Amino acid sequence: MIHTGIVGSFHGFRFISCYIREKEKGEEMKMKRWKTLCAMLGVMLLVCGCQSAEAPAQDESDALLGRGYLVVGVDDTFAPMGFRDENNELTGYDIELARAVGEKLGVEMRFQTIDWSMKETELNAGNIDLIWNGYSITESRRQQVAFSEPYLQNRQLIITLADSDIRTRSDLAGRVVAVQKESSALEAVMADEALSASLQGGAPVEFDTNIDCFMDLEAGRSDAIVVDEVLARYVMSQRGIEQYNVLDEDFGSEEYGIGMRKSDQLLQQRINEAMEQCEQDGTVAALQAKWFGE
């Protein structure tokens, strides 16, 4: 009886030992398989992440043109390019030209007023499809958007009141100079580091719109403003050109273009073609005569 009990105990111990070893092996195999799976998932995520980071944004041009309209971001105070008339309707050179281009493309141009300082953000977020409102081509902007071919020349004028003693750029030292926020005028002034540092406050004063700049100048708070010539000539003619003086020196020439997302290459091509058609059929000449005269 004792022998049988010992043998039975021995076999029972062996059974339990084998069970434990097999279970440990099973757990070890599970762990190995789990580690292998995790490693594979890690590699897949890394590859996908790299591909996502390197893959160019998809060209949505076909979808944009296919839906039948494009959303154009504008500053509705930028006369005569895009502004509101006495009936609060959008009008201006760029507004009419955009509509003419839309006809060539077979799409409607829907205009959306935006905060001009946020124009590139609005574009790349997909809230608008084009920036088209006296949009100057600059190197810093080329980093963020794709431009159409240039379609209009412009300069950044320095304007004072008629009785000002400011006659040259160097006379701006120690004075208050106003510009529009996130404008090419601001870029032009800041590019002359020595001059911008010499201004009162060490930099230009920034306003939301160019009209605000004119109002600040007329109120005597700013000594000079730097604004687009296209806008400045129009505004001065409306407000009384005799009260202003335009300096012979300026902050350089530039060109206007239409901004769009870098990924929309087909749209860029189609707009350039439509603009060329408007040039050839006399649309551009007629609009320039209407809005700029000589």
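Cut-off values and rules
- Residues numbered from 1 in each chain as written.
- Predicted model: local features only at pLDDT ≥ 70, side-chain atom pairs only at ≥ 80, totals over all residues.
- Heavy atoms only, no water.
- Buried < 20%, exposed > 50% of the residue type's maximum accessible area, 1.4 Å probe, protein only.
- Helix = DSSP H or I, 4+ residues; strand = E, 2+ residues; numbered from the N terminus.
- Arc of directions from axis to C-beta.
- Contact = heavy atoms within 4.5 Å.
- Pairing = 2+ DSSP bridges.
- Axes fitted to C-alpha atoms, helices over the stretch in contact; angles between N-to-C directions.
- Parallel < 35°, antiparallel > 145°, perpendicular 65-115°, else oblique.
- Left-handed = near helix turned anticlockwise from the far one by under 90°.
- Nonpolar A, V, L, I, M, F, W, Y, C, P; charged D, E, K, R; others polar.
- pLDDT = per-residue confidence, 0-100.
- Phe/Tyr/Trp six-rings, centres within 6.5 Å; stacked < 30°, edge-to-face > 60°.
- Lys NZ or Arg CZ within 6 Å of the ring centre and 35° of its normal.
- Core = buried A, V, L, I, M, F, W, Y, C linked by side-chain atoms within 4.5 Å.

**Student:** I'd like to hear about helix H11 (residues 283-292), residue by residue, with values.
**Tutor:** All of the buried residues in H11 are Val284, Leu287 and Trp291. Burial along H11 is one-sided: seen end-on, the buried residues are contained in an arc of 65°. Of the residues in H11, the exposed ones pointing more than 90 degrees away from the buried face are Ala285 and Lys290. Contacts made by the buried residues of H11 are with strand E3 (82-84), strand E4 (90-91), helix H3 (93-105) and helix H10 (265-280). Where H11 ends, the next residue or the one after it, glycine 293, has phi of about 60°, a positive value.

**Student:** Please provide a residue-by-residue account of the sheet that holds strand E10 (residues 205-207), values included.
**Tutor:** Across a sheet, paired strands are connected by hydrogen bonds in the backbone, their directions being either parallel or antiparallel. Ordered in space as E10-E9-E11-E8-E12, the 5 strands form an open sheet in which the pairing is mixed. Strands with a single pairing partner mark the edges of an open sheet, and in this sheet they are E10 and strand E12 (244-256). Each adjacent strand pair in this sheet contributes to an overall mean axis angle of 25°, direction not counted. Note that strand E8 (residues 152-161) and E12 share 8 bridges and pair antiparallel. Bridging across to E12, leucine 161 finds its partner in tyrosine 244. Sheet contacts for helix H6 (residues 184-191): E8, strand E9 (177-180), E10, strand E11 (224-228) and E12; angle to E9, the most-contacted strand, approximately 135°. In the packing of helix H9 (residues 229-239) onto the sheet, the strands contacted are E8, E11 and E12, and the crossing angle to E8 comes to about 50°.

**Student:** An account of the packing of helix H8 (residues 210-218) against H9 is needed here, citing residue identities and associated values.
**Tutor:** Between H8 and H9, whose axes approach to 11 Å, the crossing angle comes to 50°. Viewed along their axes, H8 and H9 adopt a mutual orientation that is oblique. Here the hand of the crossing between H8 and H9 comes out right-handed. Of H9, the residues touching H8 (which contributes Asn210, Ile211, Phe214, Met215 and Glu218) are Leu231, Ala232, Val235, Met236 and Arg239. Here the residues of the contact of H8 with H9 sort into 7 nonpolar, 1 polar and 2 charged.

**Student:** Before we move on, could you go through the confidence of the model for the protein chain and cite the residues and values that matter?
**Tutor:** Averaged over the protein chain, the pLDDT score is 86; the fraction of residues at 70 or greater is 80%. Here residues 1-20 is a poorly scored stretch, pLDDT under 50, and it has 0 contacts once near neighbours within four places are set aside; other chains count. Across residues 50-54, confidence stays below pLDDT 50; counting only partners more than four residues off in sequence or on other chains, it has 0 contacts.

**Student:** Quick rundown of the pairing of E9? Include the residues and the values.
**Tutor:** Covered by surrounding structure in E9 are Val177 and Val179 together with Ala178 and Gln180, the residues of both alternating faces. Taken together, the 3 bridges between E9 and E10 define a ladder with parallel strand orientation. Within the sheet, the bridge partner assigned to glutamine 180 lies in E10 and is phenylalanine 207.

**Student:** Before we move on, could you go through the packing of aromatic side chains and cite the residues and values that matter?
**Tutor:** Summed over the entire model, instances satisfying the criterion amount to 8 aromatic pairs. Residues phenylalanine 83 and tyrosine 234 carry aromatic rings whose centres are separated by 5.7 Å and whose planes lie at 50° to one another, so their mutual orientation is tilted. Linking phenylalanine 83 in strand E3 with tyrosine 234 in helix H9, this pair joins segments that are 151 residues apart in sequence. For tyrosine 234, a relative accessible area of 22% corresponds to the partly exposed category. Between tyrosine 151 and tyrosine 256 the ring centres are 6.5 Å apart and the planes differ by 45°, which places this aromatic pair in the tilted class. Note that tyrosine 151 is positioned in the loop between strand E7 (146-147) and E8 and tyrosine 256 in strand E12, a separation of 105 residues in sequence. Following the ring pairs from residue to residue traces out a cluster consisting of Phe83, Tyr234 and Trp291. A cation over an aromatic ring shows up here: arginine 67 above the ring of tyrosine 69, its NZ or CZ 4.1 Å from the ring centre. Against the face of phenylalanine 251 rests arginine 169, its NZ or CZ located 4.1 Å from the ring centre.

**Student:** So what about the nonpolar core? Which residues, and what values?
**Tutor:** Grouped together as the largest cluster of nonpolar side chains are 50 residues, with contacts concentrated most on Tyr93, Leu97, Leu130, Trp132, Tyr151, Ile159 and Phe214. Leaving out residues up to four positions away in the same chain, tryptophan 132 has contacts with Val72, Gly73, Val74, Asp94, Leu97, Ala98, Val101, Met109, Tyr151, Ile258 and Met275. One finds Ile158, Ile166, Leu172 and Ala188 within the second-largest nonpolar core, a separate group that totals 15 residues.

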